[in-house]
Amino acid sequence: MNYRKFANTHIELSKIGLGCMGMSAAYGEDKDDKESIATLERSIELGINFWDSADIYANGTNEKLISQVLKNNRDKIFMATKFGFRMPDNKGDSFIASGIYVDCSVKHIKEAVENSLKRLKTDYIDLYYAHRIDPNIPLEETIEAMSQLVKEGKVKYLGLSECTADELKKAHTIHPISALQSEYSLLYREVEKEILPLTKELGITFVPFAPLGRGLMSNKLDINSLSSSDFRKNLPRYEGEYLQNNQKLTAALEELALSKNVTTAQVAIAWVIAQSDNIIPIPGTKKRTYLESNAKAVDLNLSSSDLEKIEVILKKYPNVGPRYSQRENKFIKKS
Ligand SMILES: NC(=O)c1ccc[n+]([C@@H]2O[C@H](COP(=O)([O-])OP(=O)(O)OC[C@H]3O[C@@H](n4cnc5c(N)ncnc54)[C@H](OP(=O)(O)O)[C@@H]3O)[C@@H](O)[C@H]2O)c1
């Protein structure tokens, strides 16, 4: 494994982390806790030391699952989790049911951290993110409450997810923000305009989520087999003209990948890593085979000619579609 420095610290994080969401939530019915646990264990063997969860992933079930491996390996893992999204009565599938809302109030932050610590069976969280910025609460209140958790030793570092550049700058003046987690992949490059350069300037680690476009960029996803409970069923990229565009795009990427004797997913991950030295993507998987294959992407150095070929492919197939449907869009602000 190769490593990168985490923010302005001496902590070495693996050049790719492990997104754990799909082990318990979002992507259909084929959950397999035994295989997920084996995947977490295998990640440690491979030197992948950065795991990503959130309290909303299956209403805490994902954190509980992770705790089964974390409890005996606490010193080996830099554990990131998030608070802020809530479901009414903490019930229902947040990815398909209605009613999800954002709560970054001081009261909720205090409760949320205790619940995550309990579920993760640990007495500290390495990186604690606000999953979204709460539109109903001054940002200062949220960041100050998060900062208090650092003072209490419950949390080591703070992160934000999907905020604007102005919000990031403001938050960073209240307490150092060490990581920003936002969507970034060959399918979604908005962050390149302002957010990514800003993180670099401020010494913040940028953590791309969905670096594989939620599986689409692997060119291995069988769209027709997605169950009705699969979150991707509701996303514009997975239907109609956008899907057609994206399938052509990934097929073209696969040609490039095959010419280099690597997989399309490895190209997609290596491309994200190549964009800046403060980037650590967290491709999600619940399977050892994918994890092992994705881990090899850290050794794939795309040449400038490869990067140019990728740009040509992206220009040829620009109709990728919006990343979210209306339901999720209300939680995202334009920078
Ligand atoms: N902050 C936020 O708002 C936010 C939003 C979304 C996600 N996240 C975090 O980011 C992480 C990564 O994002 P993501 O999981 O949504 O999307 P992703 O990493 O782009 O893609 C995950 C999907 O790709 C599949 N996959 C992985 N490696 C593969 C390979 N080598 N070949 C074929 N298919 C492969 C996975 O299949 P299997 O599941 O079958 O292994 C899964 O369906 C999540 O786990 C979560 O922790 C954060």
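How each quantity is defined
- Residues numbered from 1 in each chain as written.
- Predicted model: local features only at pLDDT ≥ 70, side-chain atom pairs only at ≥ 80, totals over all residues.
- Heavy atoms only, no water.
- Helix = DSSP H or I, 4+ residues; strand = E, 2+ residues; numbered from the N terminus.
- Rg over C-alpha atoms; globule rule 2.2 N^0.38 Å.
- Contact = heavy atoms within 4.5 Å.
- Areas by Shrake-Rupley, 256 points an atom, 1.4 Å probe, with all protein chains shown as cover.
- Pairing = 2+ DSSP bridges.
- Axes fitted to C-alpha atoms, helices over the stretch in contact; angles between N-to-C directions.
- Parallel < 35°, antiparallel > 145°, perpendicular 65-115°, else oblique.
- Left-handed = near helix turned anticlockwise from the far one by under 90°.
- Nonpolar A, V, L, I, M, F, W, Y, C, P; charged D, E, K, R; others polar.
- Phe/Tyr/Trp six-rings, centres within 6.5 Å; stacked < 30°, edge-to-face > 60°.
- Buried < 20%, exposed > 50% of the residue type's maximum accessible area, 1.4 Å probe, protein only.
- Lys NZ or Arg CZ within 6 Å of the ring centre and 35° of its normal.
- Near = heavy atom within 4 Å.
- Polar contact = N/O pair within 3.5 Å; in protein donor to acceptor, adjacent residues only side chain to side chain.
- UniProt positions renumbered as here; feature names shortened; annotations may be inferred.

1. A word on the overall build of the chain
Within the chain, the secondary structure is distributed over 11 helices and 11 strands. A compact globule built from 335 residues would reach a C-alpha radius of gyration of about 20 Å, and the chain, at 19 Å, matches this within 12%. Principal-axis analysis of the C-alpha atoms places the extent of the chain at approximately 55 × 40 × 40 Å. Taking the contacts inside the chain whose residues are at least 6 apart along the sequence as the reference set, 75% of them involve residues at least 24 apart. Split by element, the accessible area of the chain, about 14300 Å² in all, is 49% carbon and sulfur.

2. Describing the sheet that holds strand 9 (residues 155-161)
The strands that make up a sheet pair up through hydrogen bonds in the backbone, lying either parallel or antiparallel. Strand order in this open sheet of 7 strands is 3-4-5-8-9-10-11, and the pairing throughout is parallel. Bordering the open sheet on either side are strand 3 (18-19) and strand 11 (205-209), each of which pairs with just one other strand. Of the strand pairs in this sheet, strand 5 (residues 78-83) and strand 8 (residues 125-130) are connected by 4 bridges, and their pairing is parallel. Bridge pairing links Thr-81 to Tyr-128 in strand 8. Together, strand 5, strand 8 and strand 9 form the strand contacts of helix 3 (residues 106-120), whose direction differs from that of strand 8 by roughly 140 degrees.

3. Quick notes on the packing of helix 5 (residues 165-174) against helix 6 (residues 195-202)
When two helices pack together, their arrangement is given by the angle between the helix axes and by the axis-to-axis distance. Contact geometry for helix 5 and helix 6: axes closest at 10 Å, N-to-C directions at 15 degrees. Taken as axis vectors, helix 5 and helix 6 run roughly parallel relative to one another. Crossing of helix 5 against helix 6: the hand is right-handed. Here Ala-165, Leu-168, Lys-169 and His-172 of helix 5 lie close against helix 6, whose contacting residues are Ile-195, Leu-198, Thr-199 and Leu-202. For the contact of helix 5 with helix 6, the class distribution of residues is 5 nonpolar, 2 polar and 1 charged.

4. A look at the packing of aromatic side chains
All chains considered together, the criterion is met by 7 aromatic pairs. Both rings, one in Phe-83 and one in Tyr-128, keep their centres 5.0 Å apart while their planes meet at 40 degrees; by these two values the pair is tilted. Of the two residues, Phe-83 is situated in strand 5 and Tyr-128 in strand 8; the sequence distance between them amounts to 45 residues. We classify Phe-83 as buried; its relative accessible area is 0%. For the pair Tyr-184 and Phe-206, a centre-to-centre distance of 5.9 Å together with 80 degrees between the ring planes defines the contact as edge-to-face. Here Tyr-184 is found in the loop between strand 10 (177-183) and helix 6, whereas its partner Phe-206 is found in strand 11, with 22 residues between them in sequence. Assessed through its relative accessible area of 0%, Tyr-184 is described here as buried. We classify Phe-206 as buried; its relative accessible area is 0%. Counting every residue linked through ring pairs, the aromatic cluster contains Phe-6, Phe-50, Phe-78 and Tyr-157. The residue whose ring lies beneath Arg-232 is Tyr-27, and the NZ or CZ to ring-centre distance is 4.2 Å. A cation sits over an aromatic face here: Arg-323 above Tyr-188, 4.1 Å from the ring centre.

5. Brief notes about the site of the ligand
In the vicinity of the ligand there are 29 residues, among which Tyr-27, Asp-52, Leu-212, Thr-285 and Lys-287 approach most closely. Separating an oxygen atom of the ligand from a side-chain N or O atom of His-131 is a distance of 3.4 Å. When isolated, the ligand has an accessible area of 910 Å², and the protein chains bury 95% of it. Residues of the shell around the ligand, tallied by class, amount to 12 nonpolar, 10 polar and 7 charged.

6. Section: the UniProt feature "domain: NADP-dependent oxidoreductase" (unreviewed entry) in the chain
As annotated by UniProt and renumbered to match this structure, "domain: NADP-dependent oxidoreductase" (unreviewed entry) occupies residues 15-313. Helix makes up 40% of residues 15-313 and strand 13%, with an end-to-end C-alpha separation of 25 Å.

7. As for unusual backbone geometry
Residue Ala-7 is not a glycine yet carries a positive backbone phi of 45 degrees. Examined against the element boundaries, Ala-7 turns out to sit in the loop between strand 1 (3-5) and strand 2 (12-14). Residue classification places Ala-7 among the buried residues on the basis of a relative accessible area of 17%. Despite not being glycine, Asn-90 has its phi angle at roughly 55 degrees, a positive value. Summarising the element assignment, Asn-90 is placed in the loop between strand 6 (85-86) and strand 7 (101-102).

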